[in-house]
Amino acid sequence: MSDQPVLHVKGRVLVGPQEVRDELWVVGGRVSYDRPAGARDVRTVEGWALPGLVDAHCHVGLDAHGPVDADTAEKQALTDREAGTLLMRDAGSPSDTRWIDDRADLPKIVRAGRHIARTRRYIRNYAWEIEPGELVAYVAQEARRGDGWVKLVGDWIDRDLGDLSPCWPREPVEAAIAEAHRLGARVTAHCFAENSLRDLVEAGIDCVEHATGLTEELIPLFAERGVAIVPTLVNIATFPRLAAGGDSKFPRWSAHMRRLHERRYDTVRSAYDAGIPVFVGTDAGGSLPHGLVAAEVAELVTAGIPPVEALAATSWSARAWLGRPGLEEGAPADLVVYDGDPRADVGVLAAPRRVVLNGAVVE
């Protein structure tokens, strides 16, 4: 038996939305449902246990101005850990955060490499800024650098038009997505607008971030192709402030952003009702702080997604989508314990009783 103390989690262990067990054991940092023989140093934690929460859209190593130093990135990761987020999909960062993988006390990260954007069509210091003829090569580069994902900037404000517009022609997007798939990576894209979506979905994209531009005409296409969305509603809440800042210079863009914000809940609920996979993401690390996963789950419920499904979007379903284990036998013991049943009240996610990462209780 490992020298690491045995942890006994008892109460209600939510292995899945319907699969509930009375207890689990953590032996050698891994989940077991068999009581270990001869265990002498046992610590007990009681409550409602969930797999470690997932933030499927955040940015470690990034702030509003660009890459940050390792100390700041560490604080970002620790803030997420304290909130119960133990698995993150980093949806684009110019920082090299591979060192986090060597830290058993920090959340696990699935990386999408660095954003790939059109020249002068994204936030300064964030992305590789390139032209369409370079897209395939840069997607291949980031597919090799990432952990199975690549991130495109699908649309952004075009200052000549004074509004959002697509960043890429159809042909290079098709070739780039095909190349990513050939290399075993999935592709996602930042998209606010309506007119960037069809080409990306028909070109084979796997996921769309924000997806505020989903319309009744586009929703069946997403559902048919199985394209997931990560709405980042805590980020979309900032649209009115952004719009106010652009009123004088880009009034068309400002009005568009307000419309997207006003219909945000209807957009997400319509996507869910159509069977489009919806996952929790906060967009933390740009202008937003880390640790907002509970707030995003609450936003999904406000949008009309049933609480258990909103919970699944940050736990069981999200982990399966990212190819990471939950609380099955032998999995790394990454879990969060709460005072109440999060299926009945997602509000309990805001106050974890205990966080367990790699079998160790985080104090």
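Report on the accompanying structure. (Residues numbered from 1 in each chain as written. Predicted model: local features only at pLDDT ≥ 70, side-chain atom pairs only at ≥ 80, totals over all residues. Heavy atoms only, no water.)

Notes on the sheet that holds strand β19 (residues 354–357)
Inference 1: Strand order in the open sheet formed by seven strands is β3-β2-β1-β4-β18-β19-β20, with mixed pairing between adjacent strands. Two strands close off the open sheet at either side, each with one partner strand: β3 (30–32) and β20 (360–362). Each adjacent strand pair in this sheet contributes to an overall mean axis angle of 40°, direction not counted.
Inference 2: Sheet analysis places strand β2 (residues 20–27) next to β3, joined by three bridges and oriented antiparallel. Bridging across to β3, valine 27 finds its partner in arginine 30. (Pairing = 2+ DSSP bridges. Helix = DSSP H or I, 4+ residues; strand = E, 2+ residues; numbered from the N terminus. Axes fitted to C-alpha atoms, helices over the stretch in contact; angles between N-to-C directions.)

A short note on the packing of helix α7 (residues 239–246) against helix α8 (residues 251–262)
Inference 1: Put simply, α7 and α8 touch, their axes get as near as 8 Å, and they point 165° apart. Between α7 and α8, the angle is such that the two are roughly antiparallel. As for the relative orientation of α7 and α8, their crossing is left-handed in sense. Judged by residue contacts, Phe239, Pro240, Leu242, Ala243, Ala244 and Gly246 of α7 engage Pro251, Trp253, Ser254, Met257, Arg258, Leu260 and His261 from α8. (Parallel < 35°, antiparallel > 145°, perpendicular 65-115°, else oblique. Left-handed = near helix turned anticlockwise from the far one by under 90°. Contact = heavy atoms within 4.5 Å.)

Digging into the pattern of salt bridges
Inference 1: Applying the stated rule across the entire model yields 23 salt bridges.
Inference 2: Ionic pairing is found between aspartate 334 and lysine 108, a salt bridge with its closest N-O pair at 2.6 Å. Highlighted residues: aspartate 334 in the loop between α12 (316–321) and β18 (335–338) and lysine 108 in strand β9 (residues 108–111), separated in sequence by 226 residues.
Inference 3: Classification of lysine 108 by relative accessible area gives partly exposed; the value is 28%.
Inference 4: Of the charged contacts in the structure, one is a salt bridge between glutamate 131 and arginine 118, with a shortest N-O distance of 3.1 Å. With glutamate 131 in the loop between β11 (128–130) and α2 (135–145) and arginine 118 in strand β10 (residues 116–118), the pair connects residues that are 13 residues apart, well separated along the chain.
Inference 5: You can call glutamate 131 partly exposed: its relative accessible area is 34%.
Inference 6: Owing to a relative accessible area of 22%, arginine 118 belongs among the partly exposed residues under this scheme. (Salt bridge = Lys/Arg side-chain N within 4 Å of Asp/Glu carboxyl O. Buried < 20%, exposed > 50% of the residue type's maximum accessible area, 1.4 Å probe, protein only.)

A few points about the packing of aromatic side chains
Inference 1: Counted by the stated rule, this structure contains seven aromatic pairs.
Inference 2: Plain terms: the ring middles of phenylalanine 192 and phenylalanine 239 are 4.8 Å apart, the flat faces sit at 75° to each other, and that makes the pair edge-to-face. Here the residue phenylalanine 192 occupies a position in the loop between β15 (186–191) and α4 (197–202), and phenylalanine 239 occupies one in helix α7, the gap between them amounting to 47 residues. Each member of the pair, phenylalanine 192 as well as phenylalanine 239, carries the same accessibility label: buried.
Inference 3: Taken together, the ring pairs in this structure connect Tyr122, Tyr126, Trp156, Phe192 and Phe239 into an aromatic cluster.
Inference 4: In this structure, arginine 89 is placed above the aromatic ring of tryptophan 149, and the distance from its NZ or CZ to the ring centre is 4.6 Å.
Inference 5: Over the face of the ring belonging to tryptophan 128 we find arginine 114, whose NZ or CZ atom lies 4.5 Å from the ring centre. (Phe/Tyr/Trp six-rings, centres within 6.5 Å; stacked < 30°, edge-to-face > 60°. Lys NZ or Arg CZ within 6 Å of the ring centre and 35° of its normal.)

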